[in-house]
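Chain residues, written in single-letter form:
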Amino acid sequence: MTRLPEPPNPADRSGELSAEELERYARQLGPGVLTHADQTRLKHATVLITRAGGIGGPAALLLTMAGVGRIVIAHGGTLESPDLNRQVLGSESGLGQARAAQFGEYLRSMNRFVTVEVIPREPDDEEVGVLARRSQLVITCAPTFAERLRLNNAAVAARVPLIDAAQWGMTGTLMVLQPHRTACLRCVYPTTPPFEELFPVVGAISSAMGSLAALEAIKILAESGEPLWGQLVTYDGFRGRFHQVELRRDPLCRCCGQPIVC
Ligand SMILES: [Zn+2]
């Protein structure tokens with residue numbers, strides 16, 4: 001069995017927001033944004049984000065700054081020069097070094113009221129299942145369909161919402177999925193599509209989709225606003241157009257469908 005590191009002691013999770021926390025989040029508290037109770041729910045939430053590169057990095061950064069109590073990021077490998085057109089948690093001084101550690105260090109530097117946990121690899125089936133069960137929300141920003149579908153399996157099994165954010169070149173996609181209520185990612189991709197190793201990525205699109213994923217996560221965790229449940233949002237950055245469609249659940253889906261009784 002894969003051994004997981006023990007989570008570090010969380011920031012003050014005793015209940016109420018401290019005066020310092022209220023000062024930190026003052027600009028996002030008030031009419032039309034978050035209530036005190038919404039912010040408290042964020043403080044007590046855990047979010048798993050894999051991976052934390054072009055899309056997941058901005059998502060993790062914004063959720064850290066917004067005050068989500070525990071952020072768990074999973075990302076393997078070392079930072080390479082071509083990563084720096086989009087991976088906002090890295091820097092030139094970190095080239096050649098492990099991505100996860102420096103990403104985690106940067107996130108911690110942004111908000112001492114948040115606990116950041118780092119998994120320096122892409123989790124396997126078993127590990128991601130454990131991580132999903134410890135989370136209130138899973139965000140998958142992985143480039144491979146196999147990894148995205150692995151996260152989907154774990155989220156459906158743990159019955160936690162899944163936000164899937166992806167991009168190809170100047171186009172980005174976002175799906176907000178609730179197990180057993182909306183379509184799951186396997187409903188959308190009954191067979192695993194092939195993976196193109198070096199597909200084009202533009203940092204501005206990565207960050208846009210990461211920001212939208214973070215916003216949906218905040219609404220879900222704070223129980224505020226209207227999350228895009230069961231929707232696929234596509235942003236055609238080349239033409240500056242958003243499209244939105246409702247995803248249809250597959251009753252025979254091999255991940256979230258009903259088992260066939262013979
Ligand atoms: Zn499904």
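Relevant structure appears above.
This structure is a prediction, so every number in the text was calculated from the model and none was measured.

Focus: the packing of helix H3 (residues 56-66) against helix H4 (residues 99-110)
Phase 1 of the analysis: Running from N to C, H3 and H4 cross one another at 25°; their axes reach a closest spacing of 9 Å. In terms of orientation, H3 and H4 fall into the roughly parallel class. Considering the relative orientation of H3 and H4, their crossing is right-handed. Residues Gly57, Ala60, Leu61, Thr64 and Met65 of H3 lie in contact with H4, whose contacting residues are Phe103, Leu107 and Met110.

Concerning the sheet that holds strand E8 (residues 241-246)
Phase 1 of the analysis: Taken in spatial order, the eight strands of this open sheet run E3-E2-E1-E4-E5-E6-E7-E8, and their pairing is mixed. Because the sheet does not close on itself, it has two edges, and the strands there are strand E3 (115-119) and E8. Along the sheet, successive strands turn relative to each other by an average axial angle of 15°, direction set aside.

Concerning the nonpolar core
Phase 1 of the analysis: Of all hydrophobic cores here, the largest spans 66 residues; its most connected members are Val47, Ile49, Ile71, Ile73, Ile139, Ala213 and Ala217.
Phase 2 of the analysis: The element that contributes the greatest number of residues to this core is helix H8 (residues 203-222), accounting for ten residues.
Phase 3 of the analysis: If sequence neighbours within four positions are ignored, Ile71 has contacts with Val47, Ile49, Ala60, Leu63, Thr64, Leu107, Val114 and Val116.

As for the environment of Leu177
Phase 1 of the analysis: With respect to the helices, strands and loops of the structure, Leu177 is situated in strand E6 (residues 171-177).
Phase 2 of the analysis: Along the sequence, Leu177 and Gln231 sit 54 residues apart, while their C-alpha atoms lie 7.6 Å from each other.
Phase 3 of the analysis: When neighbours within four sequence positions are excluded, Leu177 is seen to be in contact with Pro161, Leu162, Asp164, Thr182, Ala183, Cys184, Leu185 and Gly230.

Some points on the environment of Arg181
Phase 1 of the analysis: Looking at the element boundaries, Arg181 is found in the loop between E6 and helix H7 (185-188).
Phase 2 of the analysis: When the 13 C-beta atoms within 10 Å are taken as the criterion, Arg181 is described as partly exposed.
Phase 3 of the analysis: Taking the C-alpha atoms as reference points, Arg181 and Gln167, 14 residues apart in sequence, are found 25 Å from one another.

Details of the packing of H3 against H8
Phase 1 of the analysis: Where H3 contacts H8, the two axes come as close as 7 Å, and the packing angle between them is 40°. Comparing the axis directions of H3 and H8 gives the class oblique. As for the relative orientation of H3 and H8, their crossing is right-handed in sense. Side by side, H3 and H8 meet where Gly56, Gly57, Pro58, Ala59, Leu62, Leu63 and Ala66 of the first sit next to Ser207, Gly210, Ser211, Ala213, Ala214, Ala217 and Ile218 of the second.
Phase 2 of the analysis: When the residues that make up the contact of H3 with H8 are grouped by side-chain class, the tally is nine nonpolar, five polar and no charged.

Conventions adopted
Residues numbered from 1 in each chain as written. Predicted model: local features only at pLDDT ≥ 70, side-chain atom pairs only at ≥ 80, totals over all residues. Axes fitted to C-alpha atoms, helices over the stretch in contact; angles between N-to-C directions. Helix = DSSP H or I, 4+ residues; strand = E, 2+ residues; numbered from the N terminus. Parallel < 35°, antiparallel > 145°, perpendicular 65-115°, else oblique. Left-handed = near helix turned anticlockwise from the far one by under 90°. Contact = placed C-beta atoms within 7 Å. Pairing = 2+ DSSP bridges. Core = buried A, V, L, I, M, F, W, Y, C linked by C-beta atoms within 7 Å. Buried ≥ 20, exposed ≤ 12 C-beta atoms within 10 Å, placed from the backbone. Nonpolar A, V, L, I, M, F, W, Y, C, P; charged D, E, K, R; others polar.

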